Amino acid sequence: MTLAPDHKPTFANLSLTDRLGKAMPVILVPILIVLGFVAIGAPSSWLTLTVSGLAMGMMIFIMASGLTLVFGLMDVINFGHGAFISVGAFVGVSVLIALGDWTGAASLLLNMAAILLAVVAAMAVTGALGWGFERVIVKPVYGAHLKQILVTVGGLIVIEQLIYVIWGPDEIFINRPEMLKGAVTFAGAAMEKYRLLAVGIGLVLFIAMRMVLRRTKIGLIVRAGVENGPMVEALGYRLRIVFVGVFIAGSALAGLGGVMWGLYQEVITAGMGEEMMVLVFIVAIIGGLGSVEGAFIGALLVGLLQNYVAFLEPKLALVSNIALMTTILMWRPQGMLPVVKAK
Amino acid sequence: MSEPILSLRGLHTDIAQYHILQGVDLEVPRGQVTMLLGRNGVGKTTTLKSIMGQWSAKSGQILYDGQDITRLPVSARARAGIGFVPEDMGIFRDLTVEENMVLGCTTGPLDPARKDWLLSAFPALGTFWHSEAGNLSGGQKQMLSIARAMVEERKLYLIDEPTKGLAPAIVSTMAQALRELKAQGASILLVEQNFSVARALGDSAAVMDDGRVIWTGEMAELAANKDLQERLMGLSMETH
Ligand SMILES: Nc1ncnc2c1ncn2[C@@H]1O[C@H](COP(=O)(O)OP(=O)(O)OP(=O)(O)O)[C@@H](O)[C@H]1O
Ligand SMILES: [Mg+2]
């Protein structure tokens with residue numbers, strides 16, 4: 001007796017809507033880009049805005065990826081995540097200012113070395129800060145959402161105040177490294193070099209993260225833990241350790257996002273992380289909480305939409321992302337790539 | 001006879017404000033299949049979850065392989081050699097069949113010989129090896145849940161209604177796999193409503209009612225005695 005079905009079933013006979021259902025969110029990004037092209041008309045403006053939207057999306061994704069996994073794994077709502085963005089920016093920018101000779105030199109190598117050092121420093125500090133934050137602030141409130149919101153907002157405020165203490169109350173202006181100033185022109189469209197770099201970094205990070213989540217045992221444990229934590233424990237894995245690791249990595253990524261965002265805006269403030277959190281939460285929610293792929297798509301949609309709308313109808317730029325969130329949640333209340341939770 | 005692999009002594013477990021287990025005493029001898037029987041809602045699943053640590057016992061003792069594990073965290077119990085097949089199967093739906101199986105291996109990579117054995121027992125898993133587990137049928141999920149627990153050798157298996165909702169042909173395959181598992185020397189605590197499976201597999205039996213074990217003995221003795229079945233479980237198991 002064999003259990004293999006005689007008819008060799010495949011999943012090819014899924015209906016079109018079923019198959020599109022999974023692919024649809026991925027298709028939304030090109031659809032939005034094409035719609036942008038139609039609405040804007042001028043190809044060069046469209047190309048400039050698209051690069052700028054993708055760059056912004058990548059940076060938001062970097063900030064949101066940790067948040068979405070932290071929620072997915074342990075149901076933890078962390079409003080303090082924004083603090084890591086700000087701290088990362090201040091640490092990174094301090095390093096860049098200290099390395100003024102390198103950033104001012106007309107050498108791409110020295111410029112990139114300075115950025116690399118700034119990023120490493122920012123990620124090390126925010127990773128360590130994340131570790132402490134998890135132990136002191138998050139761990140005591142596992143499983144209690146209201147308390148999580150209250151204490152993590154408290155943590156955010158404390159860290160923001162510490163930034164004032166260490167770096168003073170004023171915003172800090174920062175010039176991009178010499179070779180990353182200005183734009184390259186392609187087909188009549190000006191594309192800022194720094195934005196192209198941001199798109200590249202974001203893409204590499206997303207692919208790396210996907211590889212880790214899909215191809216490594218740790219990644220498997222994280223994905224399984226997002227879906228059904230108790231079962232992961234019952235198989236013998238210590239979910240809490242995995243969670244702490246993800247929390248640290250997510251905080252470090254927020255720090256990286258802070259450095260990148262600071263260089264993008266060319267100014268940093270203690271409140272910048274808090275301001276970004278609105279977009280970060282929108283991205284995590286429309287992507288489907290717990291889904292890194294969803295956050296990636298959501299971030300690109302948010303970045304692109306914001307840039308297109310700011311060009312077409314500046315007054316609507318602020319509400320465009322809220323409208324996007326509302327629309328997507330009406331279509332898929334759990335987000336675009338919902339993680340099916342075991343009850 | 002050697003000491004049992006598992007003994008529960010006066011185990012009490014609360015779920016929220018409800019006092020569900022009210023002093024469970026139970027022994028699972030080594031290398032045997034012990035059936036845990038009883039009407040719906042008497043606490044069989046709660047007993048397995050308490051052994052695994054998913055519910056923490058309020059009082060009483062869980063002795064496993066000569067060690068008191070009553071206060072150990074869930075993952076430590078698993079690493080001590082307890083395999084768990086929960087009633088809801090605990091399949092990771094977004095992961096492929098292969099990835100589910102890989103997660104069952106906590107000490108190293110998937111052993112090819114073990115994999116071959118499990119795929120010959122459950123060929124459907126091979127057919128869908130690279131498919132998302134969420135796309136499997138209910139019966140196939142059940143097989144995956146069992147196969148995942150068996151993918152590494154464990155000393156004790158807690159298996160909660162593995163044949164629930166399975167077609168008869170598959171039930172016998174499942175029973176055969178459990179028999180092979182036992183032949184390898186594993187000890188099994190099995191919750192099973194299907195009487196022919198229970199009779200065929202069980203060495204001993206424990207019957208629960210209202211959060212307690214009210215009868216223990218040889219499975220053959222219970223199977224042969226309809227009056228006893230009627231008294232313990234409210235109906236003769238033959239009528240299932
Ligand atoms: N999460 C829960 N919250 C509240 N009560 C629960 C919960 N889980 C189980 N119970 C209650 O505990 C009692 C025992 O449930 P349990 O699932 O252990 O029974 P069972 O013997 O496995 O039944 P079945 O044969 O139907 O699977 C039941 O009365 C049930 O209502
Ligand atoms: Mg049950």
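Relevant structure appears above.
These remarks concern the structure in this document. What you see is a predicted model, and the numbers here were worked out from it, not measured in a lab.

What counts and how
Residues numbered from 1 in each chain as written. Chains lettered and ligands numbered in written order. Predicted model: local features only at pLDDT ≥ 70, side-chain atom pairs only at ≥ 80, totals over all residues. Heavy atoms only, no water. Pairing = 2+ DSSP bridges. Helix = DSSP H or I, 4+ residues; strand = E, 2+ residues; numbered from the N terminus. Contact = heavy atoms within 4.5 Å. Axes fitted to C-alpha atoms, helices over the stretch in contact; angles between N-to-C directions. Donors = N, O, S within 2.8 Å, 3.2 Å for Na, K, Ca; no water. Buried < 20%, exposed > 50% of the residue type's maximum accessible area, 1.4 Å probe, protein only. Parallel < 35°, antiparallel > 145°, perpendicular 65-115°, else oblique. Nonpolar A, V, L, I, M, F, W, Y, C, P; charged D, E, K, R; others polar. Left-handed = near helix turned anticlockwise from the far one by under 90°.

1. So, the sheet that holds strand 4 (residues 59–64) of chain B
Residue and element names in this part refer to chain B.
- Within the open sheet, the four strands sit side by side as 2-1-4-5. Their pairing is antiparallel. Looking at which strands have only one partner, the edges of the open sheet turn out to be strand 2 (18–28) and strand 5 (67–68).
- Pairing of strand 1 (residues 6–15) with strand 2, which is carried by eight bridges, proceeds in the antiparallel orientation. Across the sheet, residue L6 finds its bridge partner in strand 2, namely V28.
- Along the sheet, helix 1 (residues 44–52) contacts strand 1, strand 2 and strand 4; its crossing angle with strand 1, the most-contacted strand, is approximately 105°.

2. Observations regarding the coordination of the magnesium ion (ligand 2)
All names here are of chain B.
- Every protein donor of the magnesium ion (ligand 2) is accounted for by T45 (OG1), E87 (OE) and E87 (OE), and the metal-donor separations fall at 1.9 to 2.7 Å. One end of the pair, T45, is in helix 1; the other, E87, is in the loop between strand 6 (82–85) and helix 3 (97–104), with 42 residues separating them in the sequence.
- Given the relative accessible area of 27%, E87 is considered partly exposed.

3. Re the packing of helix 2 (residues 43–74) of chain A against helix 10 (residues 272–287) of chain A
Residues and elements named next belong to chain A.
- At a minimum axis distance of 9 Å, the contact between helix 2 and helix 10 shows a crossing angle of 75°. Judged by the angle between their axes, helix 2 and helix 10 are roughly perpendicular. Contacts from M56, I60, M63, A64, L67 and T68 in helix 2 reach M276, M277, L279, V280, F281, V283 and A284 in helix 10.
- Split into classes, the residues belonging to the contact of helix 2 with helix 10 amount to 12 nonpolar, one polar and no charged.

4. Details of the packing of helix 7 (residues 193–215) of chain A against helix 11 (residues 292–312) of chain A
All names here are of chain A.
- The contact between helix 7 and helix 11 brings their axes to 10 Å, and the two run at 165°. Put simply, helix 7 runs roughly antiparallel to helix 11. Regarding helix 7 and helix 11, the two cross each other, and that crossing is left-handed. Between helix 7 and helix 11, the contacting residues are L203, F206, M209, R210, L213 and R214 on the first element and V292, E293 and F296 on the second.
- Residues belonging to the contact of helix 7 with helix 11 are distributed by class as follows: six nonpolar, no polar and three charged.

5. Let's talk about the environment of F84 of chain B
- If you trace the backbone, F84 of chain B turns up in strand 6.
- For the pair F84 of chain B and K141 of chain B, spaced 57 residues apart in sequence, the C-alpha to C-alpha distance is 15 Å.
- When sequence neighbours within four positions are dropped, the list of residues in contact with F84 of chain B reads M231 and A234 of chain A together with L48, K49, M52, Q54, A149 and L158 of chain B.

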